[in-house]
Each structure stands twice: as structure tokens, then as C-alpha cells.
Amino acid sequence: VQLQASGGGLVRLGGSLRLSCAASGRTFSRYSMGWYRQAPEKEREFVAGINWSGGGTYYVDSVKGRFTISRDNAKNTVYLQMNSLKPEDTAVYYCAADNSLITTGRPMSLIDYWGQGTLVTVSS
């Protein structure tokens with residue numbers, strides 16, 4: 001599976017962005033998908049995950065109520081709608097795919113596939 005993330009950019013405090021991650025292959029619906037982020041000089045962290053059908057979603061506490069993860073299995077794409085953005089959301093955002101459920105507890109070393117990352121910068 002190859003993952004191509006897009007949609008990053010520069011946005012002001014309180015603004016919105018929607019990230020997309022397009023996956024290659026015909027088995028997209030068999031993978032749990034997720035978004036992670038890595039801020040400058042910080043470790044990569046889990047942001048959001050979604051199960052195979054889209055019926056289950058999971059978020060890190062800091063984005064709950066502001067970010068929404070969704071997927072369109074017909075388009076082989078997962079999305080991250082980010083609202084009420086804050087400067088602390090500034091990071092490179094990576095999408096991920098895994099045969100196991102991607103949640104906050106999933107070790108990143110076990111993630112099957114990673115996208116290349118897209119930069120989100122929130123100015124104050």
C-alpha cells in the first residue's frame with residue numbers, strides 16, 4: 001500500500017484545514033487508517049484513527065471536538081478535518097495504514113505503512 005498525503009498549508013489561529021490521504025491498491029477497506037503528527041523537536045504522536053468500516057474513530061485528547069477523521073472506501077481516501085486550529089497543532093502530519101486497529105495505544109513501530117507527511121503551520 002502506498003499512501004499520499006496532501007492538504008497541508010499555512011493557516012491562522014482558529015482556521016480550518018482538511019488533510020487527505022489517498023491509498024493505492026484494492027485492499028484499502030481492509031486497513032485501519034490513522035493520522036500522526038510530529039512537531040519540531042518533538043516525538044511523533046498519534047492524532048486520530050479510524051477502523052475499517054469508518055464506524056469507529058479514536059482521537060488524542062488534545063484534538064477531541066476539533067478534528068474529525070473519516071474515510072471513503074470507494075475513493076481509497078482518508079480525511080482529517082481540522083477546525084479551530086491552534087499554534088500547537090503545527091507539525092508534519094503523516095497518514096498511516098495498518099492491519100490492526102490504529103488507536104492511541106498502537107505502537108508506531110508496528111504500523112504497516114506510512115505516508116510521506118504534509119506540513120501544517122498555524123500562525124498566531
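Preceding this paragraph is the structure being described.
The model shown is predicted, which means the values in this text are computed figures rather than measured ones. (Residues numbered from 1 in each chain as written. Predicted model: local features only at pLDDT ≥ 70, side-chain atom pairs only at ≥ 80, totals over all residues. Heavy atoms only, no water.)

## Quick look at the overall build of the protein chain
Then comes step 1: Each helix and strand in the protein chain was counted, giving zero helices and 11 strands.
Then comes step 2: In sequence order, the secondary structure elements of the protein chain are arranged as β-β-β-β-β-β-β-β-β-β-β.
Then comes step 3: Computed over the C-alpha atoms, the radius of gyration of the protein chain is 13 Å, within 12% of the 14 Å expected from 2.2 N^0.38 for a compact globule of 124 residues.
Then comes step 4: Along the first, second and third principal axes, the C-alpha atoms of the protein chain reach 40 × 25 × 25 Å.
Then comes step 5: Out of the 124 residues belonging to the protein chain, those deemed buried represent 45%.
Then comes step 6: Considering only contacts in the protein chain between residues 6 or more positions apart, those separated by 24 or more positions represent 58%. (Helix = DSSP H or I, 4+ residues; strand = E, 2+ residues; numbered from the N terminus. Rg over C-alpha atoms; globule rule 2.2 N^0.38 Å. Buried < 20%, exposed > 50% of the residue type's maximum accessible area, 1.4 Å probe, protein only. Contact = heavy atoms within 4.5 Å.)

## Quick look at the side chain of Asp89
Then comes step 1: Assignment of secondary structure puts Asp89 in the loop between strand E8 (77–82) and strand E9 (91–98).
Then comes step 2: Exposure remark for Asp89: the relative accessible area of 1% places this residue in the buried category.
Then comes step 3: Looking at Asp89, its side chain comes within polar contact range of the side chain of Arg37, at 3.0 Å.
Then comes step 4: From its side chain, Asp89 meets the backbone nitrogen of Lys86 in a polar contact 2.8 Å long. (Polar contact = N/O pair within 3.5 Å; in protein donor to acceptor, adjacent residues only side chain to side chain.)

## A short note on the sheet that holds E8
Then comes step 1: Read from one edge to the other, the open sheet built from four strands follows the order E1-E3-E8-E7, with strand pairing classed as antiparallel. Either end of the sheet is taken by a strand with one partner, and the two such strands are strand E1 (3–6) and strand E7 (67–72). On average, each strand axis in the sheet is inclined to that of its neighbour by 15°, with strand direction left out of account.
Then comes step 2: Relative to strand E3 (residues 17–23), E1 runs antiparallel, the two sharing four bridges. Bridging across to E3, Gln4 finds its partner in Ala22. (Pairing = 2+ DSSP bridges. Axes fitted to C-alpha atoms, helices over the stretch in contact; angles between N-to-C directions.)

## Topic: the nonpolar core
Then comes step 1: Within the largest apolar cluster, 35 residues are counted, with the highest numbers of intra-cluster contacts made by Trp35, Leu80, Met82 and Tyr93.
Then comes step 2: Of all elements in the fold, only E1, E3, strand E4 (32–38), strand E5 (45–50), E7, E8, E9 and strand E11 (118–123) reach the threshold of two or more residues within this core.
Then comes step 3: Here the element with the most residues in this core is E9; it accounts for five residues. (Core = buried A, V, L, I, M, F, W, Y, C linked by side-chain atoms within 4.5 Å.)

## Things to note about the pattern of salt bridges
Then comes step 1: Under the definition given, this model contains five salt bridges.
Then comes step 2: When the shortest N-O distance is used, the salt bridge between Lys64 and Asp61 registers 3.0 Å.
Then comes step 3: Where Asp89 meets Arg66, a salt bridge forms, and the shortest distance between an N and an O atom there is 2.7 Å. Taken together, the residues Asp89 in the loop between E8 and E9 and Arg66 in the loop between strand E6 (57–59) and E7 connect sequence positions 23 residues apart. Here Asp89 matches Arg66 in class, with each residue buried.
Then comes step 4: What emerges from the salt-bridge pattern is a single network uniting Arg37, Glu45, Arg66 and Asp89. (Salt bridge = Lys/Arg side-chain N within 4 Å of Asp/Glu carboxyl O.)

## Thoughts on the environment of Val63
Then comes step 1: Tracing the sequence through the fold places Val63 in the loop between E6 and E7.
Then comes step 2: Classification of Val63 as buried rests on a relative accessible area of 0%.
Then comes step 3: Each C-alpha atom of the pair Val63 and Ser123 lies 17 Å from the other, and the pair is 60 residues apart in sequence.
Then comes step 4: Filtering out sequence-adjacent residues up to four positions away, Val63 remains in contact with Arg37 and Val47.

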